[in-house]
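Topology and contacts: notes
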Amino acid sequence: MRDEYMLMNADDDAHELAAALRSLPLCAPNRSHFAELERELTMPSAPAAATPRRVGGAWIAVAATLVAAILGARLLHPRSLPHTDVVTAAPSTDTLALIAQSQQLDGLLATLDARSVPIDAGAAMACAEIEDLIGLTDLQLNAVDRDDEAQALWSRRVDLMSRLASTRAGNRYDSLSDNGGAHLQGANYRVD
Amino acid sequence: MASTHVTCDQIGPTRILGFVTSHFAIDVPSSLIERAAHGEMRAFEHIYRLFERPVYTLALRMLGDADEAQEILHDAMLQLFRKLGQFRGDAPFWGWLRQIAINEALMRLRRRGIVETVDEMPESVDCSTPSPEHQRDLERALSRLPPVTRSVVWLYHVEGYSHEEIAVSFGKSVSFSKSQLARGTQKLRALYAAPLVQVAYA
């Protein structure tokens, strides 16, 4: 009986706490950022980054260092780069093949994304890390002009995207719904 | 004796059916969703405006950082727009969007690398909306919980998630969810003991 009483009290406390939490007001951003989102949605996407990826601060720092090092080396030793190495014409066949492969993987990932199913925490973490690496590769791709460098980076991008696709595809689950139990809940509001 | 209390296993559905109504729970007409799915920006904006505050609030409560909450709102809405065409309609739209937002928030938590460090104290969250004193006290107490504990408390008490759903979202066990909830509730009680009584009997 005592246990039952205590359990009832604990349950009442939990309900009180829940009620207090739910009574907290909704928060709003300082200003609406819809205009920026709209711009991003209507902007034609860059070829190297079909989906915009946010790159973590550490990766931006690494990328910035790399770009600075490349530019610095060129400024300090402008004659060390043979003119013939600079690609001004179309990329090589091998590079084009890698670009096509990368685009195919973009399509595959879009299909996987479209299913909008949650993945487990370990896989989510792995995906986030791979996405950051892809973001870094995209940054590097924007900074290279030699075909051999570009080819290496496209190859790396294809490899990372393959890993991302297999991680996402291999860690899907269908249980517990996509909706966090939403199917069990009624709506508070109706929009007509 | 007719028992009015429920066991832990019964709490989920009872709460869902009886008491928990999420701020996300807004019925959106399928015609509006279809228009947005076909790329009609004004229809999408309508959906954005409807869910801007629920998504932002959820992210703010979970992450405890206004800038990150804004980024999560942005990313979640970006994802929503790209995936709208795949919405099947066999479950509420708002639940689908909420899951997208929660996944974004959880990914942020993982990128911070604090999922395991449950004792870390975040900076205090100030909601811009003016609120009564007791609500400010509760917000302050909530913001002093570690992010993971706070997220579990919020998902369970406010969004009506079951322990099983929280466990799956975090990639942890049901025991993890239960212990985080117990820990969070205990800490909140300690931080917010007197004002909670005011709320309960007001």
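The structure we're discussing is the one just above.
So, here is what we can say about the structure in this document. (Residues numbered from 1 in each chain as written. Chains lettered and ligands numbered in written order. Predicted model: local features only at pLDDT ≥ 70, side-chain atom pairs only at ≥ 80, totals over all residues. Heavy atoms only, no water.)

**Some details on the overall build of chain B**
For chain B, the count of helices and strands is 10 helices and 1 strand. Listed N to C, the secondary structure of chain B is α-β-α-α-α-α-α-α-α-α-α in terms of helices and strands. Counting over 202 residues, chain B shows a buried share of 57%. Sequence separation of at least 24 residues holds for 69% of the intrachain contacts in chain B that already meet a minimum separation of 6. For chain B, the exposed surface amounts to about 8,300 Å²; the carbon and sulfur share of it is 53%. (Helix = DSSP H or I, 4+ residues; strand = E, 2+ residues; numbered from the N terminus. Buried < 20%, exposed > 50% of the residue type's maximum accessible area, 1.4 Å probe, protein only. Contact = heavy atoms within 4.5 Å. Areas by Shrake-Rupley, 256 points an atom, 1.4 Å probe, with all protein chains shown as cover.)

**Overview of the environment of E139(B)**
With respect to the helices and strands, E139(B) occurs in helix α6 (residues 133-143). Sequence spacing of E139(B) and L188(B) is 49 residues, and the spatial spacing of their C-alpha atoms is 10.0 Å.

**Thoughts on the environment of R144(B)**
Its location among the elements puts R144(B) in the loop between α6 and α7 (147-157). Considered as a pair, R144(B) and K187(B) are 43 residues apart in the sequence and their alpha carbons are 9.0 Å apart.

**A word on the nonpolar core**
Membership of the largest hydrophobic core comes to 66 residues, with the highest contact counts inside it found for L21(A), F44(B), F51(B), M77(B), L80(B) and F93(B). Broken down by element, this core gets its largest block of residues, 13 residues, from helix α3 (residues 41-63) of chain B. Composition of this core by domain shows at least three residues from each of domain 1 (22-112) and domain 2 (123-202) of chain B. Excluding residues within four positions of it along the chain, F93(B) makes contact with V28(B), I33(B), I47(B), F51(B), L80(B), L84(B) and F87(B). Membership of the second largest hydrophobic core comes to 17 residues, among which are I130(A), L153(A), L160(A) and L164(A). (Core = buried A, V, L, I, M, F, W, Y, C linked by side-chain atoms within 4.5 Å. Domains from an automatic or database assignment.)

**Quick word on α3(B)**
Helical geometry note: an α-helix holds 3.6 residues per turn, so side chains three or four residues apart project in the same direction. Residue and element names in this part refer to chain B. For α3, with 23 residues, the first-to-last C-alpha span of 29 Å runs short of the 33 Å given by 1.5 Å per residue. Helix geometry: α3 is bent most strongly at F51, by close to 45°, with proline P54 lying one to four residues after it. Most of α3 is tucked away, with 18 of its 23 residues classed as buried. Of the residues one or two after α3, G64 is the one with positive phi, at around 75°. (Expected span 1.5 Å × (residues − 1). Bend = angle between axes of the 7 residues up to and from the residue.)

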